[in-house]
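# Analysis of the macromolecular model
One-letter residues, chain by chain:
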Amino acid sequence: MAKLKNQVHKEKSEDQSFVKKVSTSHFNYYFGYVSNISIVIWLCSQAFENGVSLLSWMEWIYIPAIGLFAWTLVEYLMHKYAYHVWKSPFERGHMMHHDRPYDLMGVPWYVTLVVVVAVFYGLSQILSPAHLAIYMAFIWLGYIGYCVTHHAIHHWKIDNKLFKKLKRHHYIHHARDGKNIGMVTTFWDVVFGTLEKK
């Protein structure tokens, strides 16, 4: 029995060390921003043909707004389930962040690149590629905003009332995993009953 326990512990440690290795390099952390901004630019380029927009001016207003709002729900659900409920490398990596919140770590940039491009090409078989591209571009722009905000919360000192409120909101989440799941907004925490103010 002890041998089995040691084997399980060894496998878990090896798994943790693999997740740590691919998610904690400074290159991965900072190049992730370059990759993510490139993804947004590439997606936006899919809405043009021969330099002409395939969307109307009205669509350029409402689709980005819907995309950014959609990100807030995606963020909430991803944070709650992929990072806290479902057992996966994402959950293990996120728990490493909870253990060491000031370390620079993130999802490997090439994973997000492959996933976003695959999702775009998959969904563009049944949806308008130009419209889909702009929805996805602004959802991904929301993700970049989330990454910058999250970095700022853990690493920057900003004397701003809203920022201090977001920081306190997020630090409560670090103390109570199931609370304050949203980070860039408290809206979905209110909707789903996970808001904790103290």
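Refer to the structure printed above.
Positions within a chain are numbered from 1, following the residues in the order the chain's sequence is written. Thresholds applied to this predicted model are a pLDDT of at least 70 for local features of residues and 80 or more for the giving and counting of side-chain atom pairs; totals over whole chains, interfaces and linings are not thresholded and use all residues. With hydrogens and water stripped out, all remaining heavy atoms of the structure feed into the side-chain values.

## Considering the nonpolar core
Ranked by size, the top nonpolar core spans 32 residues in total, and within it Leu-43, Ile-134 and Tyr-146 carry the most contacts. Top contributing element to this core by residue count: helix 6 (residues 129-155), with 14 residues. In what follows, a contact means two residues having at least one pair of non-hydrogen atoms within 4.5 Å. Look past the residues within four positions of Leu-43 in its chain and what remains in contact with it is Val-116, Phe-120, Ala-133, Ile-134, Met-136 and Ala-137. We call a set of buried residues a nonpolar core when its members are Ala, Val, Leu, Ile, Met, Phe, Trp, Tyr or Cys and they connect through side-chain atoms within 4.5 Å of each other. Each residue is placed in one exposure class: buried if its accessible area under a 1.4 Å probe, protein chains only, is under 20% of its type's maximum, exposed if it is over 50%, and partly exposed if it falls in between. For helices the rule is a DSSP run of H or I covering at least 4 residues; for strands it is a run of E covering at least 2, with both sets numbered from the N terminus onward.

## Overview of unusual backbone geometry
For Asn-50, which is not glycine, the phi torsion reads 55° and is therefore positive. The topology assignment puts Asn-50 in the loop between strand 1 (48-49) and strand 2 (52-53). The phi dihedral of Asn-180 falls on the positive side, at around 50°, and the residue is not glycine. Within the secondary structure, Asn-180 sits in the loop between helix 7 (161-175) and helix 8 (187-192).

## With respect to the pattern of salt bridges
Definition used for salt bridges: Asp or Glu carboxyl oxygen within 4 Å of a side-chain nitrogen of Lys or Arg. Within the structure shown, the criterion is met by three salt bridges. Between Lys-87 and Glu-91 there is a salt bridge, with its nearest N and O atoms 3.4 Å apart. Judged by its relative accessible area of 66%, Lys-87 falls in the exposed class. The salt bridge partner of Asp-159 is Lys-164, with a shortest N-O separation of 2.8 Å. With a relative accessible area of 47%, Lys-164 lands in the partly exposed category.

## Thoughts on the side chain of His-79
Its place among the elements puts His-79 in helix 3 (residues 59-85). Not counting the four nearest positions on each side in its chain, His-79 is found in contact with His-84, His-94, His-173 and Ile-181.

## Quick notes on the packing of helix 4 (residues 89-99) against helix 7
What counts as an axis is a line fitted to C-alpha atoms, over the stretch in contact for a helix, and the angles between N-to-C directions run from 0 to 180 degrees. Contact geometry of helix 4 with helix 7 gives a least axis separation of 10 Å together with a crossing angle of 110°. In this view, helix 4 runs roughly perpendicular relative to helix 7, as classed from their interaxial angle. Here His-94, His-97 and His-98 of helix 4 come into contact with helix 7, specifically with His-170, His-173 and His-174. Here the term charged refers only to Asp, Glu, Lys and Arg, the term nonpolar to Ala, Val, Leu, Ile, Met, Phe, Trp, Tyr, Cys and Pro, and the term polar to all other amino acids, Gly among them. Tallied by class, residues from the contact of helix 4 with helix 7 come to no nonpolar, six polar and no charged. Each angle gets one of four labels, with under 35 degrees taken as roughly parallel, over 145 as roughly antiparallel, 65 to 115 as roughly perpendicular, and the rest as oblique.

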